[in-house]
Amino acid sequence: MPRVNYEAPTSVDEAVKVLAGASGLAKVLSGGTDLLVQLRSGRIKPDLIVDTKRIPGLIGIREEGGFFIVGAATPGVMLSSNVALEHAWPGIVEGADLIGSTQIQGRASLAGNLCNASPAADSVPAVIAARTTVVIAGPAGRREALAESICTGPGRTSLAKGEFIVEFKIPKPKPHQCDAYLRFIPRTEMDIAVVGCGVNVTLDAGGTCTDARVVLGAVAPTTVIVEDAAKALIGHKLDAPTLAALDAAAQKACKPITDKRGTIEYRTKIAGVLARRTAAIAFERAAAR
Amino acid sequence: MSYLDKAALKVVGTRPIRPDGVDKVTGRANFGADTVMPGMLWGKIKRSPHAHARVLGINTAKALALPGVRAVITGADFPIVTAEHAHVGAAPANLRDLSRNVIARDKALYEGHAVAAVAATSQAVAEQALDLIEVEYQVLPHVMEIEAAMADGAPLLHDDIFTTGIEPRPTKPSNVSKVVRFAKGDIEAGFREADIVIERRYTTKPVHQGYIEPHACLVSVSADGQCTIWSSSQGQFMVRAYTSRIVGADIANIRAIPAEIGGGFGGKTIVYLEPLAYMLSKKSGRPVKMVMTREEVFRATGPAPGAIVEVKLGAKKDGHITAAQSILKYQAGAFQGSPVQQGCICGLAVYDFPNALTIGYDVLCNRPKVAAYRAPGAPIGSFGVESCMDELADALNIEPLKLREINGAKDGTKAAHGVTWVNIGYQKTLEAARATAHLKAPLGPNQGRGIASGYWHNAGGESSAAVHVNEDGTVTVTEGHPDIGGSRASMAMMVAEVLGVPFENVRPVVGDTASIGFSASTGGSRVTFAGGIAVTQAAQKVVEVLKQRAAVIWDISPDAVEWRDGKAFPAGANAGSFEPLDLATIGNRSARTGGPISAEVQVNAQGQGPGFATHICDVEVDRETGHVKILRYTAIQDVGRAIHPSYVEGQMQGGVTQGIGWALSEEYIYDKDGRMENPGFLDYRIPVASDMPMIDTVMVEVPNPRHPFGARGVGEVPLVPPMAAVANAICAATGIRLRDLPMSPPKLRAALDEQALRLAAE
Amino acid sequence: MSKHHVTTTINGEPMEYLCEGQQTMLDVLRDELGLTGSKEGCSSGDCGACTIIVDGNIVCSCLMLGVEAEGRTITSIEGIANGDTLHPVQQKFLEHAALQCGFCTPGLIVAAKALLDNNLNPTEEEARYWLAGNLCRCTGYDKVLRAVMDAAAVMRAAAGR
């Protein structure tokens, strides 16, 4: 690998200073499971790597003021072993849990997955479906933004130069609100999602949907929030006509490409299949919560 | 002495822990990349980004000037290997082609073809130096697909290849290097006799052997030309021979040491790095270490070919096949030599076809030169034939297993390629399949069961072995075969059996080229067979020596000594009443009874027994996604005699799993410029642990009388049936016949949608 | 560019080394520390042959920088046995012939040990999914799973469960 400088700041302010002061290309390192692959393949050639894992709070999960606050560099294994988060948002945990292998989950983080901005990122659909906000630090100070505003295209984010994500604020679910995430891959593990789907629903006491978010991954340059799919669910139980409408809305929202992982036709069909299956799990969970 | 009676065996057939096992589970074992030498440099390779291009010039000045760079080489540094010198001994490779594959000369023939290499003081410097090498290419049109490469006006890879095997001999060069043909009976008459004739076309993509260890070597050439090569390969004698020819060195000046090898499956039966490291070491005066990245393994080492297989079968209503025809076209890659001939032979070899014709074409194209992959050629040919057998069974409304029982080869059957079978176990594999609980187990919705059979010749050939009795009576057996699957344990077991001592008293050593006699490569499922014959004969010779030494100690005639249970006994009361002498006693006194106790044997083993298998596969299909799950798999194979049953089972299970990957998810994907799009384990998808169920194995033993213990080769047959077994199971589950590998979810889903439309229209 | 001085604990022993910013933990283990038991199969985190345990979690050492080991606790294959007493996972791998070429074996054993540290009673399916990041091309995983399940049984018995 080509030579690169490395710094491990121990505070947010120090990290901001280091990133602002970088003369060449500086990349933030949390888990490294995308960054190091790209370094190795020569896809990116940074001059400086800034490791955020030594900043207090960047690794860890806490509950505060109606939110789960997840440090940006928290590895997937910590998410799956957090009982409260797993119970509240199993879909987010499932999504993170599906990134790569057990070894990858020992390192991979929500921030890395989001900021790598692959359309097929597994943790992103459910994170967006939950209406997560992210806290960003940068030269101009701190700001908050919706997670769904971060990815602007494959490999591109809305973060300004020198900015990085400090934490994820996931709102706690309401009663009878829950989520699910499914993806389709050719094998049973270890593949990039051909299609991913995160669904977040809120039900009333009778099981009718009062709120919904359906988010598709890997079917467009960024994840797609499918408004028509949500509309198909709201006001309905998950009966056959609702499922059919959901399927159709999901398929219609797809703008996929044909690449080595899937064709346009196939991704579109699977988007419909996954929307139905994911919604079924989300409804079942929401009813039980 | 005959060891064919299984009941009399004490060691062979048991499951001792392998002698190299502790090193391998603790990380101590040294593989190709695990060694260093003082002063070592790192070597890296510059590769063509073009699928087909003339190399007009290479400017290495800037690279050479980079601090830390100690040598740069190009094709010009290597001697030209002429056609007359293209073969070394009986080794199979064409060295003229291999030398041009190892580094390009006037043309780059595939993306990834090596064009230059550097040696530098660190990997980072070596990589930097590669960027400073300036190569001027004239990009040429490239051709990737078989039919395009065969067509008139196709871009031509070589201007000196004229198709052999057709009359009249062509005068224009071609991308088809040869046509092979085997025929039996009268094929036209055979089809006329048939009540039903079906004709089908099957296609496959290239797949890689997928060994987890990338190629690696460390080569040191000293100023007087003596050279040590440390590398992992399927044959240290092959490494020595091929390197010597490619670099122009005497064989005796090269000592090739076999590192432990992290998988080969045929893909490491040739060299890629050693000649380059040799030249870099010679030029720099320092040892040079080279390790391929995974990307290089995919872009530049040889896969199994993609292919077109057209099968035509004709049969009577009662299931007797009257005619079988197969036409195979295999990609050879950048140089000639795909295993199309084996594909032709093996696909049909399972059956007794009264009339048969098989024709094979070896087609060059701008892809890496194909390399052997576990029963090379046979898996592809059998995918076609075994799928077509199933389609025929369906058309005749006969159970697939029954169709094979009716037409299967038996002792005395003459195969289409001319061999008459003797002592084969195919029918027994069918009987064993019939007897499995698997075959009768009920299936649920969207589930289906498929069966398929397969054949591989196995190989014999040259092996050497030495058995030494040490001063304390323990035994060392030195053999010349890299151990890919546990063979050194089997060698020690056979020696222990002959000597009558516990397995733990015999230590096997895989010797380097200076320490043991010539041994052909580990491959062709030959080591337990040929290596086994060598070690057994060596051990038997040692027994004769031991008896003779006992005779000296007792001062009686050697004819009056017998050897039993690890000891010398007087043969009968007339010989005298002496206490038995064990190996420790005789070994300790060897200097006083005649000298070291040792025997070395060289064999050119013949009579390897062919291997047959029948597999049963259950799948479950997710109709909405096209995903196929393997529910259950049973592999039944005639193994002759399982020397170490765990390792035989392991070969079967490993081959099956590779076959499932080949069937469902593995393929080379190229873009329109002939560049590989998936050169990594992320998108080149081999089965992972969660993809597989347990794999049941049934070892049928029809001993091969040409091996002292009855062994047959077992390692390769397991890869022959799985793709058709899976395809047949998918058809049983869905009614969909997929004929293009891999049978990936999008293809199955598309076929299911089309089926749904057809059914709706009816 | 100056090197980083790293102080860490590897296989129970305090260790110090110098490394450049871009050197991976795998590079450091193999090329600086002579611990060649961890293998390089792909350098992209897809094969698991480089698996080590860092602060209790298995990671691909090819996707970790050597500098990141500062202050952490690392276990590689060389630290799994206790002197010349093999760990039950290692012993069962040998008994079940769960290795053929042995190249993926170090990574598999480290991952399996971590599985059993985490859960002494995995189902076969749980074990398969845990180990999905360890590619093996030789065995078809059958004997590997048998070895892991058998090691779990042995360890449960030893723990009195």
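This one's a predicted model, so the numbers in the text were calculated from it and none came from an experiment. (Residues numbered from 1 in each chain as written. Chains lettered and ligands numbered in written order. Predicted model: local features only at pLDDT ≥ 70, side-chain atom pairs only at ≥ 80, totals over all residues. Heavy atoms only, no water.)

Draft legend 1. Spotlight on the sheet that holds strand 2 (residues 13-19) of chain C. All names here are of chain C. Pairing in this open sheet of 5 strands is mixed, and the strands run 2-1-5-3-4 from one edge to the other. Because the sheet does not close on itself, it has two edges, and the strands there are strand 2 and strand 4 (57-60). In this sheet, adjacent strand axes meet at a mean angle of 40 degrees when their direction is disregarded. Strands in contact with helix 1 (residues 25-32) are strand 1 (4-10), strand 2, strand 3 (51-54) and strand 5 (73-75); relative to strand 2, the strand with the most contacts, it is inclined by about 100 degrees. Lying over the sheet, helix 3 (residues 105-118) contacts strand 3 and strand 4, oriented at roughly 35 degrees with respect to strand 3. (Pairing = 2+ DSSP bridges. Helix = DSSP H or I, 4+ residues; strand = E, 2+ residues; numbered from the N terminus. Axes fitted to C-alpha atoms, helices over the stretch in contact; angles between N-to-C directions. Contact = heavy atoms within 4.5 Å.)

Draft legend 2. Just the sheet that holds strand 4 (residues 107-108) of chain B, in detail. Residues and elements named next belong to chain B. The sheet built from 3 strands is open, its strands ordered 4-2-6 with antiparallel pairing. Looking at the sheet topology across the chains shown, the edges are occupied by strand 4 and strand 6 (134-139). Bridge count between strand 2 (residues 53-59) and strand 4: 2 bridges; the pairing is antiparallel. By the bridge assignment, A53 is partnered in strand 4 with A108.

Draft legend 3. Molecular detail of the pattern of salt bridges. All chains considered together, the criterion is met by 79 salt bridges over all chains. In this structure, A:R62 and A:E167 form a salt bridge, with 3.7 Å as the shortest nitrogen-oxygen distance. Note that A:R62 is positioned in strand 4 (residues 61-64) and A:E167 in strand 10 (residues 164-171), a separation of 105 residues in sequence. The partly exposed category is assigned to A:R62, whose relative accessible area is 37%. Note that B:R299 is salt-bridged to B:E295, the shortest N-O span being 3.0 Å. You can see B:R299 and its partner B:E295 sitting in helix 9 (residues 294-300), 4 residues apart, about one turn around the helix. One continuous salt-bridge network, built from bridges that share partners, spans A:R187, A:D191, A:K260, A:R261, B:D683 and B:R685. (Salt bridge = Lys/Arg side-chain N within 4 Å of Asp/Glu carboxyl O. Buried < 20%, exposed > 50% of the residue type's maximum accessible area, 1.4 Å probe, protein only.)

Draft legend 4. Structural detail: the interface of chain B and chain A. With 23 residues of chain B at the interface, the matching set in chain A holds 20 residues. Buried area between chain B and chain A, summed over both chains or domains, comes out near 2000 Å², and the portion from carbon and sulfur atoms is 51%. Our count for the chain B to chain A interface comes out at 7 salt bridges. A salt bridge links B:E624 to A:R276; the shortest N-O distance between them is 2.7 Å. Joining chain B to chain A, the criterion identifies 12 residue pairs in polar contact (both at pLDDT 80 or more). Residue assignment for the side of chain B that touches chain A shows that the elements contributing at least two residues are helix 4 (123-132) and helix 21 (745-761) of chain B. A total of 5 residues in the side of chain B that touches chain A trace back to one element, the largest contributor, which is helix 21 of chain B. Taken together, the residues of the side of chain B that touches chain A break down into 9 nonpolar, 5 polar and 9 charged. (Buried area = accessible area lost by both parts, 1.4 Å probe. Polar contact = N/O pair within 3.5 Å; in protein donor to acceptor, adjacent residues only side chain to side chain. Nonpolar A, V, L, I, M, F, W, Y, C, P; charged D, E, K, R; others polar.)

Draft legend 5. Up close: the interface of chain C and chain B. Listed per partner, the contact involves 43 residues of chain C and 52 residues of chain B. Counting the surface lost from both chain C and chain B, the interface buries some 3800 Å², and carbon and sulfur atoms represent 59% of this. When the buried area of chain C at its contact with chain B is split by residue, C:L94, C:Q100 and C:R137 rank highest and sum to 22% of it. Note that C:K143 is salt-bridged to B:E649, the shortest N-O span being 2.6 Å.

Draft legend 6. Just unusual backbone geometry, in detail. Cis geometry marks the peptide bond from B:E167 to B:P168; its omega dihedral reads -5 degrees. Inspection of the secondary structure assignment puts B:P168 in the loop between helix 5 (146-150) and strand 7 (176-184). Of note, the bond from B:L741 into B:P742 is cis; its omega dihedral lies within 30 degrees of zero at -5 degrees. As for its placement among the helices and strands, B:P742 is situated in the loop between helix 20 (722-734) and helix 21. One non-glycine residue, A:H176, adopts positive backbone phi at about 60 degrees.

Draft legend 7. Structural view of the packing of aromatic side chains. All names here are of chain B. Evaluation of the coordinates by the stated rule reveals 18 aromatic pairs over all chains. Each ring, one from F298 and one from Y684, has its centre 4.8 Å from the other, and the planes form 45 degrees; the classification is tilted. You can see F298 sitting in helix 9 and its partner Y684 sitting in the loop between helix 19 (645-664) and strand 26 (695-700), a full 386 residues away along the chain. We note that F298, like Y684, is buried. Summarising the aromatic geometry, the rings of Y373 and W662 are spaced 5.4 Å apart at their centres and angled 5 degrees between planes, so their arrangement reads as stacked. Note that Y373 is positioned in the loop between strand 15 (356-364) and helix 11 (378-396) and W662 in helix 19, a separation of 289 residues in sequence. An aromatic cluster is present here, built from Y351, F353, W421, Y426, Y455 and F612 joined pairwise through their rings. The ring of F569 carries R564 above its face, with NZ or CZ at 3.9 Å from the centroid. (Phe/Tyr/Trp six-rings, centres within 6.5 Å; stacked < 30°, edge-to-face > 60°. Lys NZ or Arg CZ within 6 Å of the ring centre and 35° of its normal.)

Draft legend 8. Quick peek at the environment of B:H615. All names here are of chain B. Its location among the elements puts H615 in strand 24 (residues 611-622). Spatially, the C-alpha atom of H615 lies 31 Å from that of K10, the residues being 605 residues apart in sequence. Leaving out residues up to four positions away in the same chain, H615 has contacts with G450, I451, A452, Y633, T634, A635, I636, V656, P718, P721, P722 and A725. Separated by 2.7 Å, the side chains of H615 and Y633 make a polar contact.

Draft legend 9. Expanded view of the side chain of B:S231. All names here are of chain B. Secondary-structure assignment places S231 in strand 10 (residues 227-231). Polar side-chain contacts of S231 include one of 2.9 Å to the side chain of E274. Excluding anything up to four places from it in sequence, S231 contacts A216, C217, V239, I257, P258, A259 and E274.

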